[in-house]
Amino acid sequence: MASGISLRNVRKSFGATEVIKDIDLDIDPGEFVVLVGPSGCGKSTLLNLISGLETLTGGEVLIGGNRVNDVPPRDRDIAMVFQSYALYPTKTVHQNITFGLQTRRIPKDQQEEAVAEFSRLLQIDHLLHRKPGQLSGGQRQRVAMGRALVRKPAVFLFDEPLSNLDAKLRIEMRTEIKKLHQRLGKTVVYVTHDQIEAMTLASRIAVMDNGHIRQFGPPEEIYENPVDLFVAGFIGSPPMNMLPGRIRHGEGRVAVDVGEDLHFVLPSKLSEGLSVAEGHEVVLGLRPETIFAAGTELPGPDRFLFERPVEVVEPTGPDTMIVFEIGEVEVIARVRPEDARPPGTPFSFEADMSKAKLFDAKTGRAF
Ligand SMILES: Nc1ncnc2c1ncn2[C@@H]1O[C@H](COP(=O)(O)OP(=O)(O)OP(=O)(O)O)[C@@H](O)[C@H]1O
Ligand SMILES: [Mg+2]
């Protein structure tokens with residue numbers, strides 16, 4: 001069984017410092033929710049409030065509809081996997097996995113059944129007799145997951161479980177975790193500051209900043225419709241280009257004047273109903289993949305053509321990043337490798353303005 005989780009007006013202070021500021025969050029049973037945000041924004045604290053490792057300063061936590069404020073961690077039917085998985089070095093993999101079941105006095109045959117099931121699933125069934133010191137980082141990580149899985153809890157809490165692994169292993173384990181979730185259907189709350197991990201794993205992402213949740217929604221929504229400059233800048237790699245400019249009205253269309261004689265004409269879906277005065281300070285958001293070499297994509301409405309000299313060329317393999325400048329701002333375009341030109345060359349860019357985002361420069365909110 002999977003349980004939903006609800007946070008109601010949740011607050012947490014350490015001394016006089018409030019680190020979780022009135023958070024409301026409803027997580028459906030079986031969901032995979034990822035908490036992302038910069039270091040120190042309160043991700044681990046929020047997870048620890050759900051697990052019961054930290055006590056609330058205010059508000060309520062409900063798991064499976066039951067208020068658990070006063071329920072100790074071991075009775076909350078949850079399992080946690082941390083960044084440092086702290087396996088017992090003198091015990092074998094098998095003993096590490098079953099230790100929690102033994103202390104809970106689970107019958108031996110049920111223990112063996114669970115070990116068999118999950119060690120096969122995690123592909124560590126051939127390592128059960130080894131000690132943690134004889135395992136690779138990824139294998140140790142799997143043992144820590146196995147230890148959590150065999151308890152068959154209703155909720156899993158993960159706090160940056162992959163951050164000690166090298167890049168290749170991280171991607172492999174990411175896929176494993178996703179497979180496990182698809183197969184077991186348990187509720188997962190997963191903390192990371194890796195926004196790619198967030199995008200690939202989450203059914204919904206909660207973007208946190210300074211003790212608040214800025215936006216909570218499916219990955220595509222967070223990516224396509226960020227509510228403010230913070231979310232827009234946090235999700236996406238390379239990040240969204242942010243061009244400061246001023247509103248220009250003319251010939252029935254609204255444009256953003258970013259200086260250097262460039263007036264990015266807004267698509268009708270953005271300009272219709274936009275009641276912003278001439279000269280209002282805005283930020284135009286253009287993701288790197290929405291700027292490409294002119295004429296290389298199928299023609300579409302709302303394209304804006306402009307020319308700038310190439311500053312830096314960064315091949316990544318499948319695409320090449322071209323860095324150029326508009327005013328003081330460095331802008332990144334993602335082009336096909338064959339379209340790249342050396343630094344100093346004038347380059348004709350085409351921006352797909354139907355994907356452009358517009359933000360108020362003062363409040364940071366999206367229009
Ligand atoms: N026990 C504590 N006493 C005092 N302050 C604390 C305590 N635990 C955390 N904090 C503070 O609360 C804030 C949030 O910490 P938290 O560990 O939740 O951040 P985080 O988002 O998990 O960051 P990171 O990405 O670095 O792990 C930080 O400013 C931290 O210094
Ligand atoms: Mg943390």
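Residues numbered from 1 in each chain as written. Chains lettered and ligands numbered in written order. Predicted model: local features only at pLDDT ≥ 70, side-chain atom pairs only at ≥ 80, totals over all residues. Heavy atoms only, no water.

Keep this limit in mind: UniProt positions are given in the numbering used here, feature names are shortened, and annotations may be inferred rather than shown by experiment.
The name that an unreviewed UniProt entry assigns to the protein is Sugar ABC transporter ATP-binding protein, with the source organism given as Thioclava atlantica. UniProt annotates the protein under Sequence similarities (unreviewed entry) with the comment "Belongs to the ABC transporter superfamily."

## What to know about empty space enclosed by the protein
Rules: Definitions used throughout: a 1 Å grid over protein atoms alone; a cavity as a set of points that fits a 1.4 Å probe which cannot get out; a pocket as an open set with protein on both sides within 12 Å along at least five of seven lines; a lining residue as one with an atom within 4 Å of a point. Grid points are joined across faces, edges and corners, and a volume is the space filled by probe spheres set on the points. Helix numbering and strand numbering both begin at the N terminus, where a helix is a DSSP run of H or I of at least 4 residues and a strand a DSSP run of E of at least 2. Gly falls in the polar group here, along with every residue not listed as nonpolar (Ala, Val, Leu, Ile, Met, Phe, Trp, Tyr, Cys, Pro) or charged (Asp, Glu, Lys, Arg).
Using the criterion set out here, one finds 1 cavity of 30 Å³ or more in the structure. Its boundaries defined by the atoms lining it, the largest cavity holds a volume of some 80 Å³. Residue lining of the largest cavity: Phe32, Leu149, Phe156, Phe158, Ile177, Leu180, His181, Leu184, Lys186 and Val188, and that is the complete set. Of all the secondary structure elements, the ones that give two or more residues to the lining of the largest cavity are strand 7 (155-159) and helix 5 (167-184). Counting residues per element, the lining of the largest cavity draws most heavily on helix 5, at 4 residues. Along the lines of polarity and charge, the residues of the lining of the largest cavity split into 8 nonpolar, 1 polar and 1 charged.

## A few points about the packing of helix 4 (residues 137-149) against helix 5
This is how the line gets drawn: For helices, the axis comes from a line fit to the C-alpha atoms of the stretch in contact; other axes are also lines fit to C-alpha atoms, and the angle between any two N-to-C directions lies between 0 and 180 degrees. In what follows, roughly perpendicular refers to angles from 65 to 115 degrees, roughly parallel to angles under 35, roughly antiparallel to angles over 145, and oblique to any angle outside these ranges. A clockwise turn of the near helix away from the far one marks a right-handed crossing, whereas an anticlockwise turn of less than a right angle marks a left-handed crossing. Every residue pair with non-hydrogen atoms within 4.5 Å of one another is taken to be in contact.
Closest axis-to-axis distance for the helix 4/helix 5 pair is 11 Å, and the angle between their directions is 20°. Considered as vectors, helix 4 and helix 5 are oriented roughly parallel to each other. Of the two possible hands of crossing, helix 4 and helix 5 adopt the one that is right-handed. Seen from helix 4, the contacting residues are Gly137, Gly138, Gln141, Arg142, Met145 and Leu149; seen from helix 5, they are Leu169, Met173, Glu176, Ile177, Leu180 and Leu184. Its residues assigned to classes, the contact of helix 4 with helix 5 shows 7 nonpolar, 3 polar and 2 charged.

## Notes on the domain arrangement of the protein
Counted only if it meets this: Domain extents, as shown, originate in an automatic or database domain assignment. Buried area is a sum: the accessible area each of two parts loses on coming together, probed at 1.4 Å, counted once for each and added. The working definition used for a salt bridge is a side-chain nitrogen of Lys or Arg within 4 Å of a carboxyl oxygen of Asp or Glu. N or O atoms within 3.5 Å of each other form a polar contact, as long as, within protein, one can give a hydrogen and the other can take it, and as long as residues adjacent in sequence are counted only when both atoms are side-chain atoms.
Here the protein is partitioned into domain 1 (5-234) and domain 2 (241-360). Measuring from the centre of the C-alpha atoms in domain 1 to the corresponding centre in domain 2 gives 39 Å. Contact with domain 1, which involves 8 residues of that partner, is made by 7 residues of domain 2. Taken over both partners, the interface formed by domain 1 and domain 2 buries close to 690 Å², and the fraction arising from carbon and sulfur atoms is 59%. Three residues, Tyr223, Leu229 and Ala232, lead the burial of domain 1 against domain 2; their summed loss comes to 66% of the area buried on that side. The interface formed by domain 1 and domain 2 contains 0 salt bridges. Joining domain 1 to domain 2, the criterion identifies 4 residue pairs in polar contact (both at pLDDT 80 or more). The set of elements that each furnish at least two residues to the side of domain 1 that touches domain 2 consists of helix 7 (219-224) and helix 8 (229-234). Looking at the side of domain 1 that touches domain 2, the element that brings in the most residues is helix 8, giving 3 residues. Looking at side-chain class alone, the side of domain 1 that touches domain 2 contains 4 nonpolar, 2 polar and 2 charged residues.

## Details of the pairing of strand 8 (residues 187-191)
We apply this condition: Think of it in three bands: residues with accessible area under 20% of the maximum for their type are buried, residues over 50% are exposed, and the middle band is partly exposed, with areas taken using a 1.4 Å probe on protein chains only. For two strands to pair, DSSP has to find at least two bridges joining them. Throughout, right-handed denotes a crossover for which the path from the first strand over the helix to the second runs clockwise when the strands point away from the viewer.
The buried fraction of strand 8 is high, at 5 of 5 residues. Residue alternation in strand 8 divides its side chains into two sets, Thr187, Val189 and Val191 and Val188 and Tyr190, and both sets are buried. Strand direction decides the pairing type here: strand 3 (residues 32-36) and strand 8, joined by 4 bridges, are parallel. Looking at strand 8, one finds that leucine 35 is bridged to valine 191. As paired strands, strand 7 and strand 8 are joined by 5 bridges and run parallel to one another. When the bridges of strand 8 are listed, phenylalanine 158 appears paired with tyrosine 190. In this fold, the crossover linking strand 7 to strand 8 by way of helix 5 has right-handed handedness.

## Overview of the pattern of salt bridges
Counted under the stated rule, the structure contains 24 salt bridges. When the shortest N-O distance is used, the salt bridge between arginine 248 and aspartate 257 registers 3.4 Å. Here arginine 248 falls in the partly exposed class, since its relative accessible area comes to 36%. One continuous salt-bridge network, built from bridges that share partners, spans Arg303, Glu350, Asp352 and Lys355.

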